[in-house]
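Chain by chain, the residues run as shown.
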Amino acid sequence: MTSPTAFCVLINDLIKELKESKIGVKIGDLVISVLAYADDIVLLADTPENLQKLIDIVQCWCKKWRLIINPSKSKVVHFRNPPKQRTDYIFKLCQDGPILETVDVYKYLGLFMDEYLTYSKATEILSSAAGRALGGMINKYKHLKEMSYNTYSKLYDALVCSVMDYSSAIWGVKNYDCMENVHKRAIRFFVGVHRLSPTPGYTGDMGWDSNKTRWKVNTIRLWNRLMDTDNERLVKKVLLHDIEAHSLNNKSNFSAQIKQICCEVGLKTCFTNTTKIDLSTVREKLVDKFAQDWFNSTQNMNKLDIYRSIKKDFGVEKYLELNLSKYEKSLLSQLRYGVLPLRIETGRFVNESREDRICCLCDSNCIEDQLHFVFHCPLYDIHRNELYENVINIITEWNDLSDCEKLSILFTKFPRKLAKYVKNSYLLRRKTIFK
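Structure report, in brief. (Residues numbered from 1 in each chain as written. Predicted model: local features only at pLDDT ≥ 70, side-chain atom pairs only at ≥ 80, totals over all residues. Heavy atoms only, no water.)

### Quick notes on the overall build of the chain
Thought 1: Each helix and strand counted, the chain has 21 helices and nine strands in total.
Thought 2: Computed over C-alpha atoms, the radius of gyration of the chain comes to 30 Å, more than 25% over the 22 Å expected from 2.2 N^0.38 for 435 residues, which places it beyond the range of a compact globule.
Thought 3: Referenced to the eigenvectors of the C-alpha coordinate spread, the extents of the chain come out at roughly 90 × 50 × 45 Å.
Thought 4: The buried share among the 435 residues of the chain stands at 43%.
Thought 5: In the chain, the share of contacts with a sequence separation of at least 24, taken over all contacts with a separation of at least 6, comes to 61%.
Thought 6: On the chain, roughly 24100 Å² of surface is accessible, and the fraction owed to carbon and sulfur atoms is 52%. (Helix = DSSP H or I, 4+ residues; strand = E, 2+ residues; numbered from the N terminus. Rg over C-alpha atoms; globule rule 2.2 N^0.38 Å. Buried < 20%, exposed > 50% of the residue type's maximum accessible area, 1.4 Å probe, protein only. Contact = heavy atoms within 4.5 Å. Areas by Shrake-Rupley, 256 points an atom, 1.4 Å probe, with all protein chains shown as cover.)

### Points about the environment of F411
Thought 1: For F411, the location among the structural elements is in helix α20 (residues 403–413).
Thought 2: Sequence separation between F411 and Y388 is 23 residues, and the spatial gap between their C-alpha atoms is 13 Å.
Thought 3: Setting aside residues no more than four positions away along its own chain, F411 makes contact with I310, Y319, L332, L335, R336 and L418.

### So, the side chain of E328
Thought 1: Take E328: it is sitting in helix α15 (residues 326–337).
Thought 2: It is K423 that comes nearest to the buried, bridge-free E328 among opposite-charge side chains, at 4.5 Å. (Lys, Arg positive; Asp, Glu negative; His and termini not counted. Salt bridge = Lys/Arg side-chain N within 4 Å of Asp/Glu carboxyl O.)

### Examining the nonpolar core
Thought 1: Counting 72 residues, the largest nonpolar core has Y152 and L407 as the members making the most contacts within it.
Thought 2: Not counting chain neighbours up to four residues away, the residues in contact with Y152 comprise L134, M137, Y141, M147, A186, F189, F190, M206 and W208.
Thought 3: Within the second largest apolar cluster, 19 residues are counted, among which are L226, I243, I261 and V282. (Core = buried A, V, L, I, M, F, W, Y, C linked by side-chain atoms within 4.5 Å.)

### What about the packing of helix α8 (residues 211–227) against helix α12 (residues 279–297)?
Thought 1: Close contact between α8 and α12 brings their axes to 10 Å; oriented N to C, the two are set at 160 degrees. Between α8 and α12, the crossing angle belongs to the class labelled roughly antiparallel. When you trace α8 past α12, the crossing you get is right-handed. Residues T213, K216, V217, I220, R221 and N224 of α8 form the contact with α12, whose own contacting residues are L279, V282, R283, L286, V287 and F290. (Axes fitted to C-alpha atoms, helices over the stretch in contact; angles between N-to-C directions. Parallel < 35°, antiparallel > 145°, perpendicular 65-115°, else oblique. Left-handed = near helix turned anticlockwise from the far one by under 90°.)

### Structural notes on the pattern of salt bridges
Thought 1: According to the stated counting rule, one finds 20 salt bridges in the structure shown.
Thought 2: A salt bridge links E345 to R348, with the shortest nitrogen-to-oxygen separation between them at 2.9 Å.
Thought 3: Looking at E345, the relative accessible area reads 3%, which means it is buried.
Thought 4: A relative accessible area of 30% means that R348 is categorised as partly exposed.

Here it is as C-alpha cells:
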C-alpha cells in the first residue's frame, strides 16, 4: 500500500514549515513544534499565543491544498502542575473559524492523557476494557464447564493482560486499584472464592505475577529499546534531556521511575551508566521481592492461621493444576483461606467469641474449625476412613504428625482424595444442618 508513503510526502512541507517557525517546547537545545505519527499530528507550544500561531500555520497550509480540518476531532490540552489554573485562551482554527475545545483529557495513539499527566483516566478506561475481556473469558469458561490452570493462565495473559499492559511502560510504576480489582477478580473466579476472602491466600496459591511486576519489566524493556536507539533520534534526545533533568533537579519523571526500579533490584549502576538492563534479572528480583511481600502479608491475618502452617512459598498449588471440578476447587480453596462456612467463620457474622464457636454436630465441645472438620468430627468418620485409605500405608509416621502437618501432606500428595473427602463431608454437613 502506498497511502502511508503518499501521505508523508504530502505533509512533509507542513512539518518543515512548522519547524521553521521556531515555535514549540524547548528540550535542551531542541525546539519541538510538532509530533507526527501516521495521520495524527500534535502541535506543541509553551504559551497559548504560540499555539495559536502554529494552528494558523496549519490552517493556511490546509487552505492552500484544499484540505479541511475537523474541529470536532481537534482538541487543546493544557498540560500543567495541579496548582496552576487552566488557560482561558480561546483557540480558533482561523480568525472567524470554529472554536477548538480545551479539554482535560484526550486520547492519543490509544492512550488517554489528562491535563496533569497522572494517567488515572487512562488506567480507568483500560481496566474497564480489561474487565470486559475478562467477562468474555469467564463466559467461555462457563460454556466449556471446566478449564485447566495452564489454559486459563494463557487466556488471561493473551486477552486481559494485553489490555491492562497497554502503554504500561509509561504509567506502570504506581498502584491503580481499578487494575488490581480486575487481577483479583480473575484469580477469585478460578479458585472459586468470594471477594471477602483473604487476598494473600488466593494470590499466593495462583502464583501469577503481580501487575506491578509485569509493568516494571515493561518499563525496563522500553528503557532498553531507547538505549539501542540512535542518539540523533528525537526520542533518544528527549530521554537524555529527561535523565539530565532528573540528575540536576531531582524531577519525578520517566528517568526517576527507571532509577526507582533499578534501586529496587540492586542495579542502580545500569541507570547511572545509561546502559541496558538484563530483563531476566529484573523480573527474577521483582518476583522474589513480591514473594517476600506476600509472605509478610500473610503473617497478621487471623483467617490465615492454618494457611500459614501449610503454605510457605509463593507459587501455584498442585490442587489448582489438577482437573478437579470447579466445586471441589472452590471447597479446597475456602478450606485453606478460612472462609469455608464452618462455625469458626460463620460465628464472626453474629459476633460470637472464638471460644463459643463450638461444633454443633458432635459432642466433642471443640471449636468447629478446618482441622476439626477434616480430622476430628465423628460425623464424617465414614468419609474420613475413605480418605485415610492408603494414606496411612504410604505415610508411615502419619499418627505422629500434627494436624497441620497432616493437612499439608494431604494438599501436596493426596489432593484428589482430600477434594473428594471435603466435598462429601461438606454436603453431609449441610444435609444434617438443614434437614
